[in-house]
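# Per-entry structural report
The residues making up each chain are set out below.
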Amino acid sequence: MLVPAHNEEAVIVRSVRAMLALDYPDFEVIVIDDGSTDNTRDALRRLAGHPRLRILRKVVNEGKAMALNDALPLARGEVVLILDADAEPAPDLLRWMVPHFAAARVAAVTGNPRVRNT
């Protein structure tokens, strides 16, 4: 799971905790702090040490696409899920999405995000 984050201090801890609580046997969460100028880095330190969490810190903000491109080679899984830094996925998200990839013709799957903080 790749999570690009820029100045997400207010939401990042809650979001990453929800991601780490997913009900799935094997996954990782890679948060890319994309040159944040707020306290996103300090907020992420509260979660450091979790065995499924890796934090990549970029000193210079280059945008979401570059953050994802920089982190993609670090991903260890066969399926890559990209979530926004303010996302709080349902615990069964991966159990619904991953089985679709068993079909050889499936290359991508999308979820049904629901905005909570309009």
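Now for a description of the structure that goes with this document.

Once that is clear, we can look at the nonpolar core. In terms of nonpolar packing, the biggest core is built from 24 residues, with Met1, Ile12, Val16, Val29 and Val31 touching the most fellow members. Among the secondary structure elements, those contributing two or more residues to this core are strand S1 (2–5), helix H1 (12–20), strand S2 (29–34), helix H2 (40–45) and helix H4 (93–97). Counting residues per element, this core draws most heavily on H1, which supplies five residues. If we skip the residues at most four places from it in the chain, Val31 touches Val3, Ala5, Ile12, Val16, Leu44, Leu53, Arg54, Ile55 and Leu56. With six residues, the next largest nonpolar core counts Leu2, Ile32, Ala67 and Ala71 among its residues.

In this section: H1. Across the nine residues of H1, seven count as buried, placing the element largely inside the fold. What H1 keeps buried is the set Ile12, Val13, Ser15, Val16, Ala18, Met19 and Leu20. Looking at the packing, one finds that the buried side of H1 touches S1, S2, H2 and strand S3 (53–58).

Attention now goes to the pairing of S2. Counted residue by residue, S2 has six buried out of six residues, so it is predominantly covered. Both faces of S2 are covered, namely the face carrying Val29, Val31 and Asp33 and the face carrying Ile30, Ile32 and Asp34. Taking the sense of rotation as the criterion, the β-α-β connection linking S1, H1 and S2 turns out right-handed. Here S2 pairs with S3 via six bridges, running parallel. By the bridge assignment, Asp33 is partnered in S3 with Arg57. Of the crossover connections in this fold, the one passing from S2 over H2 to the parallel S3 is right-handed.

Turning next to the pattern of salt bridges. Scanning the entire structure with this criterion turns up ten salt bridges. Here Arg76 ties to Glu28 by a salt bridge, and the two come within 3.7 Å at their closest N and O atoms. With a gap of 48 residues between them, Arg76 in the loop between helix H3 (64–71) and H4 and Glu28 in the loop between H1 and S2 connect regions that are remote in the sequence. Under the relative-accessibility criterion, Glu28 is labelled buried at 12%. Linking Glu62 and Lys58 is a salt bridge whose minimum nitrogen-to-oxygen distance equals 2.7 Å. Among the residues examined, Glu62 registers a relative accessible area of 44% and is labelled partly exposed. What emerges from the salt-bridge pattern is a single network uniting Asp34, Lys58, Glu62 and Asp70.

Time to look at the side chain of Ser15. One can find Ser15 in helix H1. Those residues within four positions of Ser15 in sequence are excluded, and the remaining contacts are Ala85, Asp86, Ala87 and Glu88.

Now for H3. Turning to H3, its buried residues number three or more, namely Ala67, Leu68 and Ala71. For H3, the buried positions fall inside an angular range of 95° around the axis, keeping them on one side. Of the surrounding secondary structure, the elements contacted by the buried residues of H3 are S1, S2 and S3.

The rules behind these values
- Residues numbered from 1 in each chain as written.
- Predicted model: local features only at pLDDT ≥ 70, side-chain atom pairs only at ≥ 80, totals over all residues.
- Heavy atoms only, no water.
- Core = buried A, V, L, I, M, F, W, Y, C linked by side-chain atoms within 4.5 Å.
- Buried < 20%, exposed > 50% of the residue type's maximum accessible area, 1.4 Å probe, protein only.
- Helix = DSSP H or I, 4+ residues; strand = E, 2+ residues; numbered from the N terminus.
- Contact = heavy atoms within 4.5 Å.
- Right-handed = clockwise from strand over helix to strand, strands pointing away.
- Pairing = 2+ DSSP bridges.
- Salt bridge = Lys/Arg side-chain N within 4 Å of Asp/Glu carboxyl O.
- Arc of directions from axis to C-beta.

Take it as geometry only, folks, not as evidence of what the structure does.
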